[in-house]
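If you want the building blocks of each chain, they are given just below.
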Amino acid sequence: YKFDEVIPCSPEDNVQMTGYGNYMYELRNDESHRAFSSIVELRTSKILNFLQVPTFHGVKAFFPERYEALNLRGTADFLRQLEEVTGLKAQCEPLKGTGVVKHKDVDPEFTAWINRFHDWDIEEMIGYVRRDPIPRRGEVETAPIRNAQVY
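Predicted model only: the values in this text are computed from it and were never measured.

Peer 1: Tell me about the overall build of the protein, and name the residues and values.
Peer 2: In terms of regular secondary structure, the protein is built from 6 helices and 2 strands. Counting all 151 residues of the protein, 20% fall into the buried class. Expressed as a percentage of contacts within the protein between residues at least 6 apart in sequence, the contacts between residues at least 24 apart total 40%. Carbon together with sulfur atoms contributes 54% to the accessible area of the protein, which is approximately 11800 Å² in total.

This is the structure:
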């Protein structure tokens, strides 16, 4: 992004007086100087940009890893891959995996909203799948839960 493609979210943020403020908003990376219509649209753009990293000058290897996957199985394989590519030896012990990924309880209406407005074709490119709304504890389930397993 260029300097004029990131703007403060707050009118109190004055770059000349205080430098970069705490709240910044990225504009579309297409030189239009237009804002994204939503944080979901920004995420889609970020994912597509992330997937272009292997084409960047100087990139020798690309290991797209999801936090959930590293948490599930540990970091030993990931560190081994990095050692092979860099020729360096890790100076840390790999973290052990938990063997389980547990999602937080999410408001079923929010999950339905995310399912409706996310670009799930793009999300699947980085290993995420649509989750069905799960009733909160104490609520009556009105439909069977599908896709409940974690990938």
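Peer 1: Before we move on, could you go through the side chain of Thr111 and cite the residues and values that matter?
Peer 2: Along the polypeptide, Thr111 turns up in helix H5 (residues 108-117). The contact partners of Thr111, leaving out residues within four places of it in the chain, are Val106, Arg131, Asp132 and Pro133.

Peer 1: Describe the pattern of salt bridges, and please don't skip the residues or the numbers.
Peer 2: In total, this model carries 7 salt bridges according to the counting rule given. For Asp30, the salt bridge is made with Arg34, and the minimal N-O distance between the two is 4.0 Å. A relative accessible area of 43% means that Asp30 is categorised as partly exposed. Given a relative accessible area of 47%, Arg34 falls into the partly exposed group. Here Lys89 ties to Glu83 by a salt bridge, and the two come within 3.5 Å at their closest N and O atoms. On the basis of relative accessible area, Lys89 is assigned to the exposed category, the value being 61%.

Peer 1: I'd like a description of the packing of aromatic side chains, backed by residues and values.
Peer 2: The geometry of an aromatic ring pair comes down to the distance between the two centres and the angle between the two planes. As enumerated under the stated definition, the model contains 4 aromatic pairs in all. Relative to Trp113, the ring of Phe110 lies with its centre 6.4 Å away and its plane at 15°, an arrangement referred to as stacked. Linking Phe110 with Trp113, this pair stays in helix H5, spanning 3 residues, or about one helical turn. Since its relative accessible area comes to 45%, Phe110 is described here as partly exposed. Judged by relative accessible area, which is 39%, Trp113 ranks as partly exposed. Seen in terms of ring centroids, Trp113 and Phe117 are 5.0 Å apart; in terms of plane orientation they differ by 45°. Their pairing is tilted.

Peer 1: Explain H5 to me, and be specific about the residues and the numbers.
Peer 2: Along H5, the residues classified as buried are Pro108, Thr111, Ile114 and Asn115. The buried residues of H5 all sit within an arc of 120° when viewed along its axis, so they share a single face. The exposed residues of H5 that point more than 90 degrees off its buried face are Glu109 and Arg116. Close packing links the buried residues of H5 with helix H6 (120-125).

Peer 1: Can you explain the environment of Ala112? Please cite residues and give values.
Peer 2: Secondary-structure assignment places Ala112 in helix H5. The sequence separation of Ala112 and Ile134 amounts to 22 residues, and the corresponding C-alpha distance is 9.7 Å.

Parameters at a glance
- Residues numbered from 1 in each chain as written.
- Predicted model: local features only at pLDDT ≥ 70, side-chain atom pairs only at ≥ 80, totals over all residues.
- Heavy atoms only, no water.
- Helix = DSSP H or I, 4+ residues; strand = E, 2+ residues; numbered from the N terminus.
- Buried < 20%, exposed > 50% of the residue type's maximum accessible area, 1.4 Å probe, protein only.
- Contact = heavy atoms within 4.5 Å.
- Areas by Shrake-Rupley, 256 points an atom, 1.4 Å probe, with all protein chains shown as cover.
- Salt bridge = Lys/Arg side-chain N within 4 Å of Asp/Glu carboxyl O.
- Phe/Tyr/Trp six-rings, centres within 6.5 Å; stacked < 30°, edge-to-face > 60°.
- Arc of directions from axis to C-beta.

Function cannot be inferred from these measures alone, as they are strictly geometric.
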